[in-house]
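Residues per chain are reported as follows:
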Amino acid sequence: TYSFIAPESAGQLQAGEDSPLRSFVGLLNPLTTDQSVMRTSLIPGLMETLKTNLAHGEKDLRLFEWGRLFFADEASPLPKERYALAGVMTGLAGRKEWYRSERPVDFFDIKGAVEGTLEGLGLASCFFERGETPPWYGTEASARISFQGVLLGVVGELSLEVLKRF
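Definitions and limits used
Residues numbered from 1 in each chain as written. Predicted model: local features only at pLDDT ≥ 70, side-chain atom pairs only at ≥ 80, totals over all residues. Heavy atoms only, no water. 1 Å grid on protein atoms, 1.4 Å probe; cavity = no way out; pocket = protein on both sides within 12 Å on 5 of 7 lines; lining within 4 Å. Points joined across faces, edges and corners; volume = space filled by probe spheres on them. Helix = DSSP H or I, 4+ residues; strand = E, 2+ residues; numbered from the N terminus. Nonpolar A, V, L, I, M, F, W, Y, C, P; charged D, E, K, R; others polar. Core = buried A, V, L, I, M, F, W, Y, C linked by side-chain atoms within 4.5 Å. Buried < 20%, exposed > 50% of the residue type's maximum accessible area, 1.4 Å probe, protein only. Contact = heavy atoms within 4.5 Å. Expected span 1.5 Å × (residues − 1). Polar contact = N/O pair within 3.5 Å; in protein donor to acceptor, adjacent residues only side chain to side chain. Pairing = 2+ DSSP bridges. Axes fitted to C-alpha atoms, helices over the stretch in contact; angles between N-to-C directions. Salt bridge = Lys/Arg side-chain N within 4 Å of Asp/Glu carboxyl O.

*Asks:* Help me understand the layout of surface pockets, please; the structure alone is not making it clear to me.
*Replies:* Over the atoms, a rolling probe the size of a water molecule traces out where space has been left empty. The calculated volume of the second largest pocket comes to roughly 270 Å³. Among the secondary structure elements, those contributing two or more residues to the lining of the second largest pocket are β1 (4-5), α1 (9-12) and α2 (43-55). When residues of the lining of the second largest pocket are assigned to their parent elements, the largest contribution, 4 residues, is made by α2. For the lining of the second largest pocket, the per-class residue count stands at 6 nonpolar, 6 polar and 3 charged.

Right under this line is the structure:
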């Protein structure tokens, strides 16, 4: 996805006024207003990609992105940069077979994909726990991910309100 997004993306994610997701780095000469700031989250780009695929009839999707995020830094003319990993899953968890029926992807499928990725990175002993998560996640199906006491990120289903906004 593009590193340039719309400033409205933070609002679509229900980020508060003081959220780091609103620490945008503006472009001096953007091509469009939909790409006038540098991204502070990978989720808006993934959701736009998901939306495009759904509009073309693709429903069973597993998408991810590893990329840079950019945050305004008042102490420097250059933005702060950091890498992030994000993914989305939608549709069916698997095809209907003689030994299983169709079912939609759920939180545990998503959590399993994250666990497999972390194990592949050598982080097999990560801890998943309920707790405070960003406002764009549903409260019932989300968890914080930590490794040796360090918060790595969050896994969960997006809230219905956020899904409606995208």
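*Asks:* Hey, could you run me through the nonpolar core in this one?
*Replies:* Within the largest apolar cluster, 23 residues are counted, with the highest numbers of intra-cluster contacts made by Leu 13, Leu 21, Ile 43, Met 47, Trp 136, Leu 158 and Val 162. When contributions to this core are tallied by element, the ones reaching two or more residues are α2, β3 (61-71) and β4 (80-90). Looking at which element gives the most residues to this core, the answer is α2, with 4 residues. Apart from the residues lying within four places of it in its own chain, the contact partners of Trp 136 are Leu 13, Leu 21, Ile 43, Glu 157, Leu 158, Ser 159 and Val 162.

*Asks:* Could you clarify how one ought to interpret α2 in this entry?
*Replies:* It helps to recall that an α-helix has 3.6 residues per turn; residues three or four apart then point in one direction. In this model α2 runs 18 Å from its N-terminal to its C-terminal C-alpha over 13 residues, within 8% of the 18 Å that 1.5 Å per residue would give. Taken together, the buried positions of α2 are Ile 43, Pro 44, Gly 45, Leu 46, Met 47 and Leu 50. Packing partners of the buried residues in α2 comprise α1, β3, β4, β6 (137-147), β7 (150-158) and α4 (160-165). Gly 57 lies just past α2 and shows a positive phi near 85 degrees.

*Asks:* So what exactly am I meant to see when it comes to helix α3 (residues 107-120) here?
*Replies:* Compared with an ideal rise of 1.5 Å per residue, which puts 14 residues at 20 Å, α3 spans 20 Å between its outermost C-alpha atoms and is within 8% of the ideal. Residues Phe 107, Asp 109, Ile 110, Lys 111 and Leu 118 constitute the buried set of α3. Among the structural elements, β4, β5 (127-129), β6 and β7 are those in contact with the buried residues of α3. A distance of 3.0 Å separates the backbone nitrogen of Phe 108 from a side-chain oxygen at the start of α3, and that oxygen is part of Asp 106. Positioned one or two residues after α3, Gly 122 has a phi angle of 85 degrees, which is positive.

*Asks:* Where do I start with the sheet that holds β5 in this structure?
*Replies:* The strands that make up a sheet are held in pairs by hydrogen bonds between backbone atoms, and each pair lies either parallel or antiparallel. The strand order across the open sheet formed by 3 strands is β5-β6-β7, and the pairing between neighbours is antiparallel. Edge strands, defined here as strands with exactly one partner in the open sheet, are β5 and β7. Across the sheet, the mean angle from the axis of one strand to that of its neighbour is 25 degrees, orientation sign disregarded. Where β5 lies against β6, 3 bridges are found, and the strand directions are antiparallel. Counterpart to Glu 129 in the pairing with β6 is Arg 144. Across the face of the sheet, α3 comes into contact with β5, β6 and β7 while running at roughly 150 degrees to β7.

*Asks:* Just checking my understanding: could you explain the pattern of salt bridges for this structure?
*Replies:* Oppositely charged side chains can form a pair if their charged atoms are brought close together. With the rule as written, the count across this model stands at 7 salt bridges. Across the pair Asp 109 and Arg 103 runs a salt bridge whose closest N-O atoms are separated by 2.8 Å. Residues joined by salt bridges that share partners form a network here, namely Arg 103, Asp 106 and Asp 109.

*Asks:* I keep staring at the side chain of Ser 41 and nothing clicks. Help me out?
*Replies:* Topologically, Ser 41 is positioned in the loop between β2 (37-38) and α2. On the basis of relative accessible area, Ser 41 is assigned to the buried category, the value being 10%. Within the structure, the side chain of Ser 41 is placed 3.1 Å from the backbone nitrogen of Ile 43, a separation counted as a polar contact. Once residues within four sequence positions are removed from consideration, Ser 41 is found in contact with Leu 13, Leu 21 and Leu 69.

So yeah, pure geometry; function would need other evidence.
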